[in-house]
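Spelled out from the first residue to the last, the chains are:
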Amino acid sequence: MGSLLQFQDLNLAPPSPSSSLTNSASASSTSAAIIATAGSTTEAAASMLVPKLEPKLEPFDVETPIYQPQQPQDPSSSSQDLFFSSSTPNYFSNSQLTPPLSQSTSSEDDNSNNLYSEYNRISELFRTAFAKRLQDQYGDVSVVSDPDSRAIVPVKENDNNALSTVVVSPRPKYQKRSSELVRVTDLGIEDQRYFRDLVRRSRMVYDSLRILSVLEEEKRRGERLGRRARGDLRAAATMRDCGLWLNRDKRIVGSIPGVQIGDVFFFRMELCVVGLHGQPQAGIDYLPASQSSNREPIATSIIVSGGYEDDEDAGDVIVYTGHGGQDSLNKQCEHQKLEGGNLAMERSMHYGIEVRVVRGIKHAGSVSSKVYVYDGLYKILDCWFDVGKSGFGVYKYKLLRIDGQPEMGSSILKFAESLRTKPLSVRPRGNGTGCDCVSGCSDGCFCERKNGGEFAYDENGFLLRGKPVVFECGVSCKCPPTCRNRVAQRGLRNRLEVFRSRETGWGVRSLDLIHAGAFICEYAGVVITREQAQIFTMNGGGLVYPNRFSAKWAEWGDLSQIYPDYIRPSYPEIPPLDFAMDVSKMRNVACYLSHSLTPNVLVQFVLYDHNNLMFPRIMLFAMENIPPLRELSLDYGVADEWTGKLAICN
């Protein structure tokens, strides 16, 4: 392959003393970069004419420091000993062409030093340019870490086969993880708030980058089918290159400042971004022995996701299987070894160092079909080698959750899932009895008799007749959630809106047509006793008294005006409601309903989760067909005499 310039081989014998003196002035300031190839013998080199070195400054010579090597003491040592470590491949070793040491004048020493300096600088530039290739082949080539260093590489031009020389700047390296183990304790309120905000902002940046990366990838691919865009990986790489990964300057043992128990992460790379678990794939995150002060690895966190068939997860107690020995199908195919993360877990057990536990749970509502939940700190109690289910030896570790921590986030997720799918099986059961209607309540069942011999609702869930209290099917009943006697406990069915009214201040209206007798919502607040209510009113608080609601329920279903011989049903009296509701701090949409002496909403007391008549639930039903955007009103019994509305609602 040809070159534009004919470079003289600098590995040949140096010039004679006379020529060195002539060229000393120019050679002392030269910084020209010349890479030569070796192939001539010493005798041929001696007979060649020595050209005059013309110094020419390169654009970055001012910024590039020149390394001054020490003069070698052994004349037989090769030139690579001056610039490369002992593990570097022998690319530049040529003992026959190495300039011999000789006693000469000061000018010869200067020329020789300049020549060595230039050769060293060229070597450093060459290694900077091709270190990636050398690392892939040999694995132990050091790279110049100076971001201001420049490399000279040949670039092939398009018009011919000639080569031109360009200067390439290496891409800056991202910050590597520190080997310093620290523990963060006794954070003040302000510190906790600061770190929590820092983690929150980092996660916001990550999610924004991930969404944008997915959109860009989808636009680039168009309609072509292929693998799903991994915006999580691109977002994490971008933040890493920008130095936005948290806790890279230290390895934290124990809790991570700003990360709370129960925090949920949709992507595993997000764990790396906040510093909760630093391994993108491995289940054990640990400080390697090569970076540890005592040359022993230390584990800091693990991920429990069911990737190993020998794992046993009982919540507070975990039997965790070490890593290694699996094939591409996650099947155990060989014995595990006590090395790497497995050894780190054993050493953490030996020194009593706790580990963070993150659980990976399959979740249908996740964008990645899995979520990762931080469940707190665990102690490693035991470690042993056992034969796994596949017949291969595995290392097992018994972990126990440390007491005094908040409830595990994974337990809350599982409980919420049970509430969505099987609400009657997980809610607390009372001591009362219920019906045995498996497919739904029917005539003559226990709950019908409990309601005075007739159900309170029709098949569509509309209130048939008002009663002092309606007993819906509860947790002790065997009927399904679709039972006709389960209406108010199902929750909202219409879209309600809180709006600003000129006449009544804040008000509530529906965006849907509400059928007469249909359930609207529950009136919710904080229940307080009479004694607490007296103290509350002395401090100027606003309360709602359920026993003051007008008994409009008695008017619903009254047919005495139609049938002269109609006899109103008689119901047993319920004890007076001796409690109040504080809606100043905690309330729902019903607390914004306006007061009216001619309301379109009535109050119906309902019981279903307990049988205490002293504390029924306050349910609201429509007294008439209420069109969309018409304000809902309620008779509170006692209201502000000036505005006709409760003070709390004003």
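Residues numbered from 1 in each chain as written. Predicted model: local features only at pLDDT ≥ 70, side-chain atom pairs only at ≥ 80, totals over all residues. Heavy atoms only, no water.

In the nomenclature of an unreviewed UniProt entry, the protein chain is known as histone-lysine n-methyltransferase setmar of Salix purpurea.

A. Examining the layout of surface pockets more closely. Size it by volume and the second largest pocket reaches roughly 740 Å³. Arg-268, Pro-280, Gln-281, Lys-370 and Tyr-372 are the residues nearest the centre of the second largest pocket, which is lined by 26 residues in total. Listed by contribution, the elements that provide at least two residues to the lining of the second largest pocket are helix 6 (231-241), helix 7 (268-274), strand 7 (298-304) and strand 11 (370-387). Considered class by class, the residues forming the lining of the second largest pocket number eleven nonpolar, nine polar and six charged. (1 Å grid on protein atoms, 1.4 Å probe; cavity = no way out; pocket = protein on both sides within 12 Å on 5 of 7 lines; lining within 4 Å. Points joined across faces, edges and corners; volume = space filled by probe spheres on them. Helix = DSSP H or I, 4+ residues; strand = E, 2+ residues; numbered from the N terminus. Nonpolar A, V, L, I, M, F, W, Y, C, P; charged D, E, K, R; others polar.)

B. Seen up close, the confidence of the model for the protein chain. For the protein chain, the mean per-residue pLDDT works out to 75, and 67% of the residues sit at or above 70. No element of the protein chain has a lower mean pLDDT than helix 2 (residues 24-28), which averages 40, and none a higher one than strand 16 (residues 519-522), which averages 95. Low pLDDT, under 50, characterises residues 139-153; the predicted model gives this stretch 38 contacts beyond four residues in sequence or across chains. Taken as a whole, residues 639-650 scores under 50 in pLDDT and shows 26 contacts with residues more than four places along the chain or in a different chain. (pLDDT = per-residue confidence, 0-100. Contact = heavy atoms within 4.5 Å.)

C. Geometry of the sheet that holds strand 18 (residues 543-544). The three strands lie next to each other as 17-19-18, forming an open sheet whose pairing is antiparallel. What marks the edges here is a single partner per strand, and that holds for strand 17 (526-528) and strand 18. Both strand 17 and strand 19 (residues 580-582) contribute to a ladder of three bridges, which runs antiparallel. Along strand 19, the bridge assignment pairs Val-527 with Met-581. (Pairing = 2+ DSSP bridges.)

D. Inspection of the packing of helix 5 (residues 189-221) against helix 6 at higher detail. Following both chains from N to C, one finds helix 5 and helix 6 inclined at 125 degrees, their axes separated by 8 Å at the closest point. As far as their axial angle goes, helix 6 and helix 5 are oblique. The crossing of helix 5 and helix 6 is right-handed. The residues of helix 6 that touch helix 5, namely those facing Ser-202, Val-205, Tyr-206, Leu-209, Arg-210, Ser-213, Val-214, Glu-216 and Glu-217, are Gly-231, Asp-232, Arg-234, Ala-235, Ala-236, Thr-238 and Met-239. By residue class, the composition of the contact of helix 5 with helix 6 is seven nonpolar, four polar and five charged. (Axes fitted to C-alpha atoms, helices over the stretch in contact; angles between N-to-C directions. Parallel < 35°, antiparallel > 145°, perpendicular 65-115°, else oblique. Left-handed = near helix turned anticlockwise from the far one by under 90°.)

E. Spotlight on the pairing of strand 10 (residues 355-362). For strand 10, a buried count of seven out of eight residues is recorded, marking the element as mostly surrounded by other parts of the structure. Relative to strand 10, strand 7 runs parallel, the two being bridged by four bridges. Looking at the pairing, Ile-302 lines up with Val-357 of strand 10. Alignment of strand 10 against strand 11, held across seven bridges, turns out to be antiparallel. (Buried < 20%, exposed > 50% of the residue type's maximum accessible area, 1.4 Å probe, protein only.)

F. Representation of the state of the cysteines within the structure. In the structure shown here, the tally under the stated rule is zero disulfides. No disulfide involves Cys-473; its sulfur sits 3.2 Å from the nearest other cysteine sulfur, which is in Cys-441. (Disulfide = S-S within 2.5 Å.)

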